[in-house]
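Structural description and commentary
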Amino acid sequence: MRIDVNLASQQYEDARQFYFRWGGVLVVVAALTLGLAFMGWHRYQSSADDRKHVNDLHQRISGLEQERKNAEEILNRPANRDVRDQSRFWNDVIDQKSFSWTQLLSDLEKIMPARAYVVSVQPTLTPEKRLRLKLTIAADNHENGVELQTKMEHSEHFQEAEIVSEGVHQSQGAGPGSAPITEFVIETFYTPTSAQPHGAAKAGA
């Protein structure tokens, strides 16, 4: 009779099957690791490019700001004050390009009392780019000025009208018995027709 005796100290294992099973898992894990590493590297490169772009923009802004400061220093020199003042003057003129004397006088004529007339007009542009008028008006009496101010308050072209001064004097060249002239100054904001919204223009038509 034959008896088979196993003298091995450990149980037999199929190494080929072990490597076949777990080798595939290791390959998948390695591929995922490489993929994640590539994505991390790509994002790092993108963020580095973004940081470089932001730094370049900051440098350009700093350069432009320095150029602006240098230009202001040059303009503020006593020798260049005339050039600076002329530059500001022409900039204001460009801002007032929509201003029309013909249109202004036409708008005033529509609301002017019968016994009043315009002596002078001084237009100025406020820092908020609003057109402000200083009107000197001559009339027969105080009521004419109040009437004109009231009509301005109800006009679509004149806003915040205010009588800032008033005086009575004899007109030049008039005889001793002639009636005195009341002269008053009105300050008001003026909006030309071209600056009115389209709907408001149609409503006033």
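In the block above lies the structure referred to throughout.
Along every chain, residues carry numbers that run from 1 in the direction the sequence is written. The predicted origin of the model limits local features to residues at a pLDDT of at least 70 and limits the giving and counting of side-chain atom pairs to 80 or more, whereas totals for whole chains, interfaces and linings rest on all residues. Computation of side-chain values: all heavy atoms of the structure, hydrogens and water removed.

**Structural notes on the overall build of the chain**
Scanning the chain for helices and strands turns up five helices and four strands. Reading the secondary structure of the chain in the N-to-C direction produces α-α-α-β-β-α-β-β-α. Counting every position in the chain, which comprises 205 residues, the buried fraction comes to 19%. For the chain, contacts bridging at least 24 residues in sequence account for 60% of all contacts bridging at least 6. Carbon and sulfur atoms form 56% of the exposed surface of the chain, whose accessible area is close to 16200 Å². Numbering of helices and strands runs from the N terminus; a helix is a DSSP stretch of H or I covering at least four residues, while a strand is a stretch of E covering at least two. When accessible area is computed with a 1.4 Å probe and restricted to protein chains, residues below 20% of their type maximum are described as buried, those above 50% as exposed, and intermediate ones as partly exposed. Any pair of residues with heavy atoms lying within 4.5 Å of one another is described as a contacting pair. All accessible areas in this document rest on Shrake-Rupley with a 1.4 Å probe, and a residue is counted as covered only by the protein chains that are shown.

**Quick word on helix α4 (residues 142-153)**
By this rule the span expected of a helix is its residue count minus one, scaled by 1.5 Å. Its twelve residues give α4 an end-to-end C-alpha distance of 17 Å, which sits within 8% of 16 Å, the value for a rise of 1.5 Å per residue. The complete set of buried residues in α4 reads Asn 144, Gly 145, Leu 148, Gln 149 and Met 152. The buried residues of α4 occupy an angular sector of 135° when the element is viewed end-on, so they sit on one face. Looking at the packing, one finds that the buried side of α4 touches α3 (101-111), β1 (116-125), β2 (131-139), β3 (158-169) and β4 (181-190). Residue Asn 141 occupies the N-cap position of α4, its side-chain oxygen lying 3.2 Å from the main-chain nitrogen of Glu 143. Taken from the helix axis, the directions to the C-beta atoms give the arc we talk about. What qualifies as a polar contact is a pair of N or O atoms within 3.5 Å, subject to a donor-acceptor requirement within protein and to the restriction that residues adjacent in sequence count only when both atoms come from side chains.

**Focus: the sheet that holds β1**
Within the open sheet, the four strands sit side by side as β1-β2-β4-β3. Their pairing is antiparallel. Two strands lie at the open edges of the sheet, namely β1 and β3, each paired on one side alone. The mean inter-strand angle of the sheet, taken between neighbouring strand axes irrespective of direction, is 20°. Paired strands are those between which DSSP finds at least two bridges. By the bridge criterion, nine bridges tie β3 to β4 in an arrangement that is antiparallel. Residue pairing for β4: Ser 165 is matched across the bridge by Val 185. Here α4 sits on the sheet and contacts β1, β2, β3 and β4; the angle it forms with β3, its principal contact strand, is near 170°. Axis definition: a line fit to C-alpha positions, over the contact stretch in the case of helices; interaxial angles, taken between N-to-C directions, run 0 to 180 degrees.

**A look at the environment of Ile 181**
Here Ile 181 is to be found in strand β4. With a relative accessible area of 14%, Ile 181 lands in the buried category. For the pair Ile 181 and His 142, spaced 39 residues apart in sequence, the C-alpha to C-alpha distance is 9.6 Å.

**What about the pairing of β4?**
The buried fraction of β4 is high, at eight of ten residues. Here β2 runs beside β4; their pairing, made up of eight bridges, is antiparallel. If you follow Leu 135 over to β4, its bridge partner there is Ile 186.

**Examining α3**
What α3 keeps buried is the set Gln 103, Leu 104, Asp 107, Leu 108 and Ile 111. Taken around the axis of α3, the buried residues stretch over an arc of 135°, which confines them to a single face. Those residues of α3 that are exposed and aimed more than 90 degrees away from the buried face are Thr 102, Glu 109 and Lys 110.

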